[in-house]
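Notes for the structure review
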Amino acid sequence: MKKLLVSIPIALLLVAILAGIAFAASIGVTDPGVLKDLARVRQATAQYHDVDKAIADGYVPTTDCVADPKAGVMGFHYVNPQRAMDPVIDLIAPEILLYASVNGKLKLVGVEYFYGVGAPDAPVPNPAPPAPVLFGLPFDGPMLGHEPGMPPHYDLHVWVWQANPSGIFTPFNPNISCQ
């Protein structure tokens, strides 16, 4: 009986280690610091699987599902305007939540970090400020706003809730759809 009580925790520990290794391999990330940060993002955003909780916390839905016929889908963006206008990038407080429609319901699939570098509808400043860095990666950009009223910016997509065969930090995900 004593051996069984000792064996069970050891077996559970081994399963957890193997699951972590499998997750790391599936997303192509092996850096322990990055994996720890990704786990922190998942923990901080798990509450937003309930889209009503996201709305209650200040995230506002955009009207369109963003898709590219060749690259895949970004999904529906829920933007927290206060965070998007704040120049601080906080690992556990992403500016944007990404949702996909699955069986007629919204499913949290990822997050997007956003760093504005000018006034709405303005050109990209020259010279542009340096790109922010999270997970050891510089953000994509700088780029113009994608719709009226959006400032030039840098952004970084992170597919923490839906596997992306193109890469966990790639803007578009072919595994999701707008349907």
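Residues numbered from 1 in each chain as written. Predicted model: local features only at pLDDT ≥ 70, side-chain atom pairs only at ≥ 80, totals over all residues. Heavy atoms only, no water.

Points about the overall build of the protein
We apply this condition: Starting at the N terminus, helices and strands are each numbered in turn, a helix being any DSSP run of H or I of at least four residues and a strand any DSSP run of E of at least two. Working definition: with a 1.4 Å probe on protein chains only, accessible area under 20% of the residue-type maximum means buried, over 50% means exposed, and in between means partly exposed. In what follows, a contact means two residues having at least one pair of non-hydrogen atoms within 4.5 Å. Here the Shrake-Rupley method, with its probe set to 1.4 Å, supplies the accessible areas, and only the displayed protein chains count as covering residues.
Scanning the protein from terminus to terminus reveals four helices and eight strands. Starting at the N terminus and ending at the C terminus, the protein contains elements arranged as α-α-α-β-β-α-β-β-β-β-β-β. For the protein, buried positions account for 36% of its 179 residues. Once local pairs closer than 6 in sequence are excluded, the contacts in the protein between residues at least 24 apart make up 50%. As displayed, the protein offers around 10100 Å² of accessible surface, 63% of which is attributable to carbon and sulfur atoms.

Structural notes on the state of the cysteines
Using the following cut-off: Disulfides are defined as pairs of cysteine sulfur atoms found within 2.5 Å of each other.
Under the criterion given, the structure shown has one disulfide. Covalently, Cys65 is tied to Cys178 through a disulfide, its sulfur atoms 2.0 Å apart. Because the sign of the S-S torsion sets the handedness, a value of about -80 degrees for the bond joining Cys65 and Cys178 places this disulfide among the left-handed ones. Of this pair, Cys65 sits in strand β1 (residues 60-68) while Cys178 sits in the segment after β8 (153-158), placing them 113 residues apart in sequence.

Re the nonpolar core
Nonpolar side chains tend to gather and get buried jointly when the protein is soluble and globular. Test applied: For the purposes of this section, nonpolar cores are sets of buried Ala, Val, Leu, Ile, Met, Phe, Trp, Tyr and Cys residues that join through side-chain atoms within 4.5 Å.
Ranked by size, the top nonpolar core spans 37 residues in total, and within it Leu97, Tyr99, Tyr113, Phe135, Val158 and Phe169 carry the most contacts. For this core, the elements supplying multiple residues, two or more each, are α2 (32-45), α3 (51-56), β2 (72-79), β3 (96-102), β4 (105-116) and β8. Excluding residues within four positions of it along the chain, Phe169 makes contact with Val29, Val34, Leu38, Phe135, Leu137, Leu156, His157 and Val158.

Details of the sheet that holds β4
Put simply, the rule reads: Strand pairing requires that DSSP identify at least two bridges connecting the strands. In this analysis, axes come from line fits to C-alpha atoms, helices being fitted only over the stretch in contact, and the angle between any two N-to-C directions falls in the range 0 to 180 degrees.
Across the sheet, which stays open at both edges, the six strands sit in the order β1-β2-β3-β4-β8-β7 with antiparallel pairing between neighbours. Here the strands that pair on one side only, and so sit at the sheet edges, are β1 and β7 (140-143). Neighbour-to-neighbour, the strand axes of this sheet turn through a mean angle of 30 degrees, independent of strand direction. In this structure, β3 lies alongside β4, joined through seven bridges in antiparallel fashion. Paired with Tyr99 across the two strands is Leu108, which belongs to β4.

Description of unusual backbone geometry
Note on backbone geometry: most residues besides glycine have negative phi, and most peptide bonds are trans. The residue after Asn126, namely Pro127, is reached through a cis peptide bond having omega 5 degrees. With respect to the helices and strands, Pro127 occurs in the loop between β4 and β5 (133-134). Across the junction of Gly141 and Pro142, the peptide omega takes the value 5 degrees, indicating a cis bond. Its location among the elements puts Pro142 in strand β7.

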